[in-house]
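Residue strings, one per chain:
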Amino acid sequence: MLTDYFYCKTLLIILVSVLSVKTQNATVTIPLNNTITLENKELFGDFVSLNASSTLQIGFINITKSVSFIILQVHSHFYNVTVYNNTFTRSSSVYGTNVGMYSSVKPSLDKFFIINENAVNIKLYLSVHGYGAKDPIPGGCNMEFQPPVSPYLHVSYTKDYVLVESASARDTTDPLCTSLNNANVIFYLMYLPERKFDSDTFFEGIRNMMTLDNIIENGVVVPETTWRMRRMLSAYPGTGSIYVAVAYSSTNSSAYSVYVPTYTYACSPTDESGCELLDDMLSQLLCTSLLFFGLFMCFFGHRFFKTEMFLVGLLSGVIITYILISLIADLERPALLGASTLSGMFFGAIWLLFWWFYGIPVLAVMLSTLNLGFLFAALVNFGLPGGLALLQVDFNFWTVYVFIMTFSSLMLLSMTFISNILCCAILGAYATIYPIDYFVGSNLKYIINNTIRRAVVPKFNSAVLSPPFQLTDVLVMLLWLTLAITGFFFQHYQNRLKPPFPPPPRSVRPAMPGVLYGSTGQIRGRNIYETTNTTHNENSPLLS
């Protein structure tokens, strides 16, 4: 007994010394005699540095008798590695940054090989998980990927969404995979700190999503939508996200297995400007201009009513045109934004002319309240839990969305003067924090962006939004609220003791010569709408 103790201790010392140096075509033997508990089935975990163009061979000894199979996990940050098992052919190797391989426990036969084909030395985290005979095999019912058992996740992304896929798990009650419903696979998600691309943050995130107790503590469930073994999520480029799946046995509540966790930033930090969301001059110029227009609307929108009418029409025109053009044609973003802006300017001029000729305050303010209702509906969509089957149907979603939008608008129209100031303050404040949000790397811009994605991105109805809400998001949200409240009270104070709305410019005509105006504005029983103020501009006070 004492001899075995010293033998294991010496072996562990040799193992640690091997893993602490850079490896060049080396061989490592890992003992797997740790006790397995229901909370943690990780038998081994440590870092290794693998030199460029080198291979690491891994073998196992002293495997606990209760272990029926093992999963070797290999995690790299940015650089892909190749992993294969001598049980399979080299064509069944796995290539990627977060990969793993299954092995039935045959210590004298099974060996793993990790190949670094990159021209740089890389840091890897190796982890071995052992499972019992009653635990489902993750990726055991594999019909799409190689090798035959694929216990890892496939992740891909576009600028709009992230797609996570896995092979079905094989339960002990279904060795031939005749039914894919025996093992219940649940996906989990955890966000990394926003705009943190360093390897330490990455490895810490991976290790926090590797065992079941950590997964439940740190992750959130990604609900099933359209596909059983696939999850689509809204992309938040620049914010790292860790994904993992857990297979639960349908017949044994204590039996489970964990897939190899993977990650994505929904962008490529290693490329120049890979995670820059606004990488063209026009997008940067338009986004920056929102800051100034937003501040103007927030604090002076109602005071300069005609300018407000133009800006509100411009905003509506840009959003509507952007969605319509995206549905009709596939344009690059600069061309799409340019066309939408030109159309928005035309729409803004039309809305200003509507006020110019008719000057009906309720109708003029209605567009502002509809824009605010649009923002309210987008905020509700942004905060709703994912996986609501009712809202996955486009008709249901847009019906609810339009209802929230119009109901908010009608409620605000009951107090036209106050609601217009409120619209200016909230919309202007959001327009102000929108470019700030891009600059600091938070994700409140996706309140609007996710709604636009739902309108123009195919199959986005199946996407789970699940937005990150971290410290930066909280600070930007507080800035939004502060600007909106300050802007509302400032404009309300600024327009005190003044008529609520100016007359439309078309109704302002020179006064009749020699006519005296009484307090009632009547001459010989006739109402007179002309005013003696013949000079009006944006600095004139609001007139009744």
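For the structure itself, consult the block above.
Residues numbered from 1 in each chain as written. Predicted model: local features only at pLDDT ≥ 70, side-chain atom pairs only at ≥ 80, totals over all residues. Heavy atoms only, no water.

## Here we look at the overall build of the chain
Let me state the cut-off plainly: Strands here are runs of E lasting at least two residues and helices are runs of H or I lasting at least four, both read from the DSSP assignment and numbered beginning at the N terminus. Residue exposure (1.4 Å probe, protein chains only): buried if accessible area is under 20% of the type maximum, exposed if over 50%, otherwise partly exposed. Every accessible area reported is derived by Shrake-Rupley at a probe size of 1.4 Å, with residue values counting cover from the shown protein chains alone.
Helices and strands together make up the secondary structure of the chain, namely 12 helices and 23 strands. Burial status across the chain gives 49% buried among its 544 residues. Surface accessibility of the chain: about 25,800 Å² in total, with carbon and sulfur atoms responsible for 63%.

## Notes on the sheet that holds strand E6 (residues 81-85)
The test is simple: The pairing criterion is simple: DSSP has to find at least two bridges between the two strands. In this analysis, axes come from line fits to C-alpha atoms, helices being fitted only over the stretch in contact, and the angle between any two N-to-C directions falls in the range 0 to 180 degrees.
Read from one edge to the other, the open sheet built from five strands follows the order E2-E4-E9-E6-E7, with strand pairing classed as mixed. Whereas interior strands pair on both sides, the edge strands pair on one side only; in this sheet they are strand E2 (26-31) and strand E7 (94-96). Neighbour-to-neighbour, the strand axes of the sheet open up by a mean angle of 20°, direction not taken into account. Sheet topology places E2 next to strand E4 (residues 54-61); six bridges connect them, and they run parallel.

## Considerations on helix H4 (residues 281-300)
Using the following cut-off: Each helix should span, by expectation, one fewer than its residue count multiplied by 1.5 Å.
For H4, built from 20 residues, the straight-helix expectation of 28 Å at 1.5 Å per residue is met to within 8% by its first-to-last C-alpha distance of 28 Å. Of all the residues in H4, the buried ones are Ser-283, Cys-287, Gly-294, Met-297, Cys-298 and Phe-299.

## Some thoughts on the environment of Thr-406
Here is the rule we go by: For this analysis, a polar contact is any N or O atom pair within 3.5 Å, provided that within protein one partner can donate a hydrogen and the other can accept it, and provided that sequence-adjacent residues contribute only side-chain to side-chain pairs.
Considering the arrangement of structural elements, one finds Thr-406 in helix H9 (residues 394-413). Through-space distance from the C-alpha of Thr-406 to that of Gly-373 is 6.5 Å; in sequence the pair is 33 residues apart. Of note is the side chain of Thr-406, whose polar atom sits 3.2 Å from the backbone oxygen of Phe-403.

## Considerations on the sheet that holds strand E12 (residues 154-157)
Spatially, E12-E13-E17-E21 is the arrangement adopted by the four strands of the open sheet, whose pairing is mixed. The two strands at the open ends of the sheet, each matched to only one other strand, are E12 and strand E21 (463-464). Sheet topology places strand E13 (residues 161-165) next to strand E17 (residues 230-234); five bridges connect them, and they run antiparallel. Its bridge partner lying in E17, Val-162 is registered against Leu-233.

## Brief notes about the pattern of salt bridges
Two side chains of opposite charge can pair, provided their charged atoms sit close to one another. To keep it simple, the criterion reads: Definition used for salt bridges: Asp or Glu carboxyl oxygen within 4 Å of a side-chain nitrogen of Lys or Arg.
Summed over the entire model, instances satisfying the criterion amount to seven salt bridges. The partner of Asp-160 in a salt bridge is Arg-453, and the shortest N-O contact between them spans 3.4 Å. Of this pair, Asp-160 sits in the loop between E12 and E13 while Arg-453 sits in helix H11 (residues 446-456), placing them 293 residues apart in sequence. Each member of the pair, Asp-160 as well as Arg-453, carries the same accessibility label: buried. Salt-bridge contacts for Lys-445 lead to Asp-437; the nearest nitrogen and oxygen are separated by 2.6 Å. It is possible to trace a salt-bridge network through shared partners that takes in Lys-159, Asp-160 and Arg-453.

## Remarks on the pairing of strand E10 (residues 122-131)
Across the 10 residues that make up E10, a large majority, nine, are buried. Where strand E3 (residues 42-50) and E10 come together, eight bridges link them in antiparallel fashion. Within E10, the position partnered with Leu-50 by the bridge is Ile-122. Bridge analysis of strand E5 (residues 69-76) against E10 gives eight bridges, and the strand direction is antiparallel. From the neighbouring strand, Ile-71 faces E10, where its bridge partner is His-129.

## Section: the packing of aromatic side chains
Counted only if it meets this: Each Phe, Tyr or Trp ring (for Trp, its six-membered ring) is paired with any other whose centre lies within 6.5 Å, and the angle between the two planes then decides the class: stacked below 30 degrees, edge-to-face above 60, tilted in between.
Applying the stated criterion across every chain yields a total of 30 aromatic pairs. Measuring from ring centre to ring centre gives 5.3 Å for Phe-69 and Tyr-131, while their planes differ by 25°; the resulting arrangement is stacked. Note that Phe-69 is positioned in strand E5 and Tyr-131 in strand E10, a separation of 62 residues in sequence. Overall, Phe-69 belongs to the buried group, its relative accessible area being 3%. Clustering of aromatic rings is evident, with ring pairs tying together Phe-47, Phe-78, Tyr-125, Phe-197, Phe-202, Phe-203, Tyr-263 and Tyr-265.

## Here we look at the packing of helix H5 (residues 305-328) against H11
Note the following rule: Take the far helix as the reference: if the near one is turned anticlockwise from it by less than a right angle, the crossing is left-handed, and if turned clockwise, right-handed. We call two residues in contact whenever any of their non-hydrogen atoms come within 4.5 Å of each other. Polarity classes work like this: nonpolar for Ala, Val, Leu, Ile, Met, Phe, Trp, Tyr, Cys and Pro, charged for Asp, Glu, Lys and Arg, and polar for all others, with Gly in that last group.
Running from N to C, H5 and H11 point in directions that differ by 35°, and their axes come no closer than 9 Å. For the pair H5 and H11, the sense of crossing is right-handed. Contacts between H5 and H11 involve Tyr-322, Ile-323, Ser-326 and Leu-327 on the former and, on the latter, Ile-452, Ala-455 and Val-456. Class assignment of the residues belonging to the contact of H5 with H11 gives a composition of six nonpolar, one polar and no charged.

## Overview of the packing of H4 against helix H10 (residues 416-440)
The cut-off we apply is this: For classification, angles of less than 35 degrees are called roughly parallel, those exceeding 145 degrees roughly antiparallel, those between 65 and 115 degrees roughly perpendicular, and all remaining angles oblique.
Interaxial distance between H4 and H10 falls to 7 Å at its minimum, and their mutual angle equals 155°. Taken together, the axis directions place H4 and H10 in an arrangement best described as roughly antiparallel. Between H4 and H10 lies a crossing of left-handed hand. Across from Cys-287, Leu-290, Leu-291, Gly-294, Leu-295, Met-297 and Cys-298 in H4, the residues of H10 making contact are Cys-424, Ala-425, Gly-428, Ala-429, Ala-431, Thr-432, Tyr-434, Pro-435, Ile-436 and Tyr-438. Each residue belonging to the contact of H4 with H10 can be placed in one class, and the counts come to 14 nonpolar, three polar and no charged.

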